[in-house]
Amino acid sequence: MPLENISHIVLVLSGKGGVGKSSITTQLALALSLQGKSVGVLDIDLTGPSIPRFFGIEQSRVKQAPGGWIPVEVHAEQTLPATQHADGAANGTAPQQSYGTRVGALSCMSLGFILPNRGDAVIWRGPKKTAMVRQFLTDVLWPELDFLLVDTPPGTSDEHISLLETLLKTTAATAQLAGAVVVTTPQAIAISDVKKELNFCTKTGVRVLGVVENMAGFVCPNCSECCNVFSKGGGEVMAKDFNVPFLGSVPIDPAFVMLVEEGVRPTYPKGTVVGGKALVEREESVESKDGLLVDKYRECSLAPVFGEFVARLAGDVEARVAA
Amino acid sequence: MAPSLEEPVQVDLNAPLKAAPKLVAPEPEHCPGPESEQAGVADNCAGCPNQKICASAPKGPDPDIPVITERLASVRHKILVLSGKGGVGKSTFSTMLSHAFASNPSLTVGLMDTDICGPSIPKMMGVEEETIHVSAEGWEPVWVSENLGVMSVQFMLPGRDDAVIWRGAKKNGLIKKFLMEVRWGEMDMLIVDTPPGTSDEHLSVNSFLKSSGVDGAVLVSTPQEVSLLDVRKEIDFCRKAKIPILGIVENMSGFVCPGCKHESQIFRASTGGAKRLAADEKIPFLGAVPLDPRIGMACDFGESFLDAYPESPACKAIRHVVRRVAEEIGMQDDVLDREE
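What you are looking at is a predicted structure, and each value in this text was computed from that prediction instead of being measured.

## Remarks on the pairing of strand E6 (residues 148-151) of chain B
Residues and elements named next belong to chain B.
Reasoning step 1: Of the two faces of E6, the one holding Leu148 and Val150 and the one holding Gly149 and Met151 are both buried throughout.
Reasoning step 2: Two strands pair when backbone bridges link them, and strand E2 (residues 109-113) and E6 are joined in this way by 4 bridges, in the parallel orientation. Pairing of Met112 across the sheet is with Met151, part of E6.
Reasoning step 3: Of the strand pairs in this sheet, strand E5 (residues 142-145) and E6 are connected by 3 bridges, and their pairing is antiparallel. Paired with Ser145 across the strands is Leu148, a residue of E6.
Reasoning step 4: Where E5 folds back onto E6 in an antiparallel hairpin, the turn is made up of 2 residues.

Structure, rendered in C-alpha cells:
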C-alpha cells in the first residue's frame, strides 16, 4: 500500500465549484512546507485539474517506475535564505527569519501531468473516474510524507465516493485519514451547496477539521478600503450551525493571483494592513519572477494567515494521534 | 503491476445510447457503461456480476430517446450553459438569461438545472421551498412567474441541506426523467444549466437531446488562466460532441471599487482573457460582465438583478450579452427592448 509512508491524510472539500479549493490546497501545502513538514498534494479533479497550474509545473510529466508512478516534485527539502521582507520582520518579532527557513519537501500528483495536451477534455463517465481515483490512491509512490492533501472536484459524486470507499476500506488508511477542510465563499448561494458537503462528511464519518471562508473581502489597491465583494461572515455562521471549527477568513489578494498566474513576487502598496499587520513595502519596483514558489509565497499577505491555519490543523491532528 | 501511462481513452460520443439495464452490482472499474454498445461483451466485462444482464439487454438505441424528442418537440430553442470551471457564474448567467427572455411576456421560458450535487437555481430564483407536483400528464415545473418554469433536484429533497451522494449512472437517470417526465409544454426557450466538468451529466444531456436538436452552448468563464484552462477543455468537448458553440461570456471581469471608483482586475487576465481565447478558437465573444457585488446579493435573495438595478453597468452588459445570444440563435431582435 503506497499510502503507508504518509502520516496524515487531509481532504479539501467543497460542494460548490470555484470557491478556491485548489487555491486553499496550494496555500495549505506551501504553509505546511514552510513549517518544515513534508507534503504531498493529490489532485483528484479529473475533468478540471488545476493543481499543476497553481504550482507552476504545467510542463512536468509523471514518471513511471517499477510498481507505480513517481509524483512531480515542486521543491526538495532545503533551507531558504533569510529575507529582509519576510512577514513579521516589520515589527521585528521574527528572529528565526534571520537564520533562514527550513522547508519540507513538496510533491504533487494530478491527471494534468498525464494528459498529452493541456486543452484536451477528459470526457469520462463515473466508472472510469472511479478507476482513476483508485489508481491514484494505490499506484503513486509517495515519499515519506507528514501530510497528504487531497484536492477534490466540487460535489458529492463519483470521485468523492470512490475516494472515501478506498480510504475507508483499509483500516490503516482510516487511521491516517485525519479529516477534511471544507472551503466556502461567504455568499448564501455557495453556503447552501457547502452545507450539503458538511452533511456528506457526517454521513461518511469524515471529521471536519475546519471551515475556511475564502474570498472574504477585497482590499482595493488604490484606496486600501476593504470591500466585501461576495458578502461576508457566512462561513463562520455555517460552521457554528454545524458545530464544526471555523479556521478563519481569507481575503482576495490580487498579489497572490499574480504570483500564481505569472510567478511575480508579491508586492504591496505602502500602508497596506492585513489582519492587523503592516506589510513591508519593497524598495525596488521591478517585478521579480526569480526564486521558488515557496520562497516568493513567504512575502504574500496570505502566508501568515495560512501559517496560523496549518499550525492549528497540525496541532489538532497530532494531538488526536497521540491520544 | 505498474500502471500504464497510456493516453486516457475517450468515450465514443457518437455511439447510440441504449437503455441501461438494471444492474445487480455496482459498475466495476473500466466498465464501458451499461448503456454502451459494448456492455457485457467488452474485455473488461469478464467476471463482472452484471455481465449477463448487460449482454442480454436489448441492443439498439434507447427507446426513451424518441419519447424525449416528442416531449420536447414543442420547445423551439434549446441552449446549454457550460463551463469547465466551477463558480464562474454558470447558474447566475442561466438565471439572467431566463429572466431576460421571460421579461418579454409573449415568450415562455424553461430553466432546467442538471447540477445534481450542487443545485443553485432554485435559490437564485427564489423558489427554494417549492416542491414538484406530479399529475397524470407528468411532473409540473415550478413556475417562478407566469412564463418562466424551473426544474431542479432541489425540489425533490426532503431537507434543504441534504447531500445528494449519487454516482454518475443515478444522476443520468434523473436527468432523463427531467426531459421525459416534465411537462415543459409549449415553450420558446429551454435553458439547461450544467455542473462544472465534462462528465456524466454533460454526456447524458448531449445524447438525450441530440435528436431533438440543440441550438448550441454558451460558455462562461472568468478572466484568469486557471479558469480559461478548463474552458478550453469544454470547447474541446463541444467540438467532439458536435455541439455548436454560440459563444463565450467573460464574467467577473473587472471590479469597480464602490469607494474610489478605481477599477481593479481581481481575476487578472494574464493570458488575454476570454476575448483572446475566443479569437484563438474562432468562436464568437459575447461580451464581458463586470463583477458587481449586487449581482451576488440579488442571487442570495432570489431576486432578478436585471429588475432590481436596470441602470447599473453590469445590467447593461448582461442585456448586451443576452441580445447577442438571441442573435446567434436567430431570434428576432425585438425579443428584448432595444438598447436606448
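On we go.
## Quick look at the interface of chain B and chain A
Reasoning step 1: Across the boundary between the two partners, chain B contributes 75 residues, which contact 72 residues of chain A.
Reasoning step 2: Interface of chain B and chain A: buried area, both sides summed, is about 6200 Å²; carbon and sulfur atoms make up 59% of it.
Reasoning step 3: If you look at where chain B meets chain A, you find 5 salt bridges.
Reasoning step 4: A salt bridge links Arg167(B) to Glu165(A), with the shortest nitrogen-to-oxygen separation between them at 3.3 Å.

## Overview of the sheet that holds strand E5 (residues 72-75) of chain A
All names here are of chain A.
Reasoning step 1: With mixed pairing, 8 strands are arranged side by side in an open sheet as E5-E8-E2-E9-E1-E10-E11-E14. For this open sheet the edge positions go to E5 and strand E14 (246-249), each flanked by a neighbour on one side alone. Strand-to-strand twist of the sheet, defined as the mean angle between neighbouring strand axes without regard to direction, takes the value 20°.
Reasoning step 2: Here 3 bridges tie E5 to strand E8 (residues 106-110), and the two strands are oriented antiparallel to one another. If you follow Glu73 over to E8, its bridge partner there is Ser107.

## Section: the sheet that holds strand E7 (residues 187-193) of chain B
Residues and elements named next belong to chain B.
Reasoning step 1: Spatial strand order, E5-E6-E2-E7-E1-E8-E9-E12: 8 strands in an open sheet with mixed pairing. Among the strands making up the open sheet, the edge pair consists of E5 and strand E12 (285-288). The sheet shows a mean angle of 20° between the axes of neighbouring strands, direction not considered.
Reasoning step 2: Pairing of strand E9 (residues 245-250) with E12 involves 3 bridges; the strand directions are parallel. Residue pairing across strands places Val249 opposite Gly287, the latter belonging to E12.
Reasoning step 3: Packed on one face of the sheet, helix H7 (residues 225-241) meets strand E1 (75-82), strand E8 (216-221) and E9 and runs near 170° to E8.

## Brief notes about the UniProt feature "binding site: [4Fe-4S] cluster" (unreviewed entry) in chain A
Reasoning step 1: As recorded in UniProt, the feature "binding site: [4Fe-4S] cluster" (unreviewed entry) lies at Cys220(A) and Cys223(A).
Reasoning step 2: Following the sequence through the fold, Cys220(A) ends up in the loop between strand E12 (218-219) and strand E13 (226-227).
Reasoning step 3: For Cys220(A), a relative accessible area of 1% corresponds to the buried category.
Reasoning step 4: Aside from chain neighbours lying at most four places away, what touches Cys220(A) is Glu225(A), Cys257(B), Cys260(B) and His262(B).
Reasoning step 5: Considering the arrangement of structural elements, one finds Cys223(A) in the loop between E12 and E13.
Reasoning step 6: Judged by its relative accessible area of 30%, Cys223(A) is partly exposed.
Reasoning step 7: When neighbours within four sequence positions are excluded, Cys223(A) is seen to be in contact with Cys257(B) and Cys260(B).

## Some points on the environment of Gly33(B)
Reasoning step 1: Along the chain, the position of Gly33(B) falls in the segment before helix H1 (51-56).
Reasoning step 2: Along the primary structure Gly33(B) and Cys54(B) are separated by 21 residues, whereas in three dimensions their C-alpha atoms are 9.3 Å apart.

## Considerations on the UniProt feature "binding site: ATP" (unreviewed entry) in chain A
All names here are of chain A.
Reasoning step 1: On the UniProt side, "binding site: ATP" (unreviewed entry) is annotated at positions that read Gly15, Lys16, Gly17, Gly18, Val19, Gly20, Lys21 and Ser22 here.
Reasoning step 2: By secondary structure assignment, the location of Gly15 is in the loop between strand E1 (6-13) and helix H1 (21-34).
Reasoning step 3: Among the structural elements, Ser22 can be located in helix H1.
Reasoning step 4: With sequence-adjacent residues up to four places away left out, Ser22 is seen in contact with Ser50, Ile51, Phe54 and Asp151.

The rules behind each value
Chains are numbered independently. Their residues run from 1 in the order of the written sequence. Labels follow written order: the first chain is A, the first ligand is 1, and so on. Totals for whole chains, interfaces and linings use every residue, but because this is a predicted model, local features are given only for residues with pLDDT of at least 70 and side-chain atom pairs only at 80 or more, for both listing and counting. To obtain the side-chain values, all non-hydrogen atoms of the structure were used and water was disregarded. When a residue's accessible area, from a 1.4 Å probe over protein chains only, is under 20% of the maximum for its type it is buried; when over 50% it is exposed; and in between it is partly exposed. Only DSSP runs of H or I covering at least 4 residues are called helices, and only runs of E covering at least 2 are called strands; the numbering of each starts at the N terminus. By the convention used here, strands pair only if DSSP detects at least 2 bridges between them. Any two residues whose heavy atoms approach within 4.5 Å are treated as being in contact. In short, buried area is how much 1.4 Å probe accessible area vanishes from two parts on joining, totalled over both. When a carboxyl oxygen of Asp or Glu lies within 4 Å of a side-chain nitrogen of Lys or Arg, that pair is called a salt bridge. For helices, the fitted line uses only the C-alpha atoms of the stretch in contact; every axis is such a line through C-alpha atoms, and the angle between N-to-C directions lies from 0 to 180 degrees. UniProt positions are given in the numbering used here, feature names are shortened, and annotations may be inferred rather than shown by experiment.

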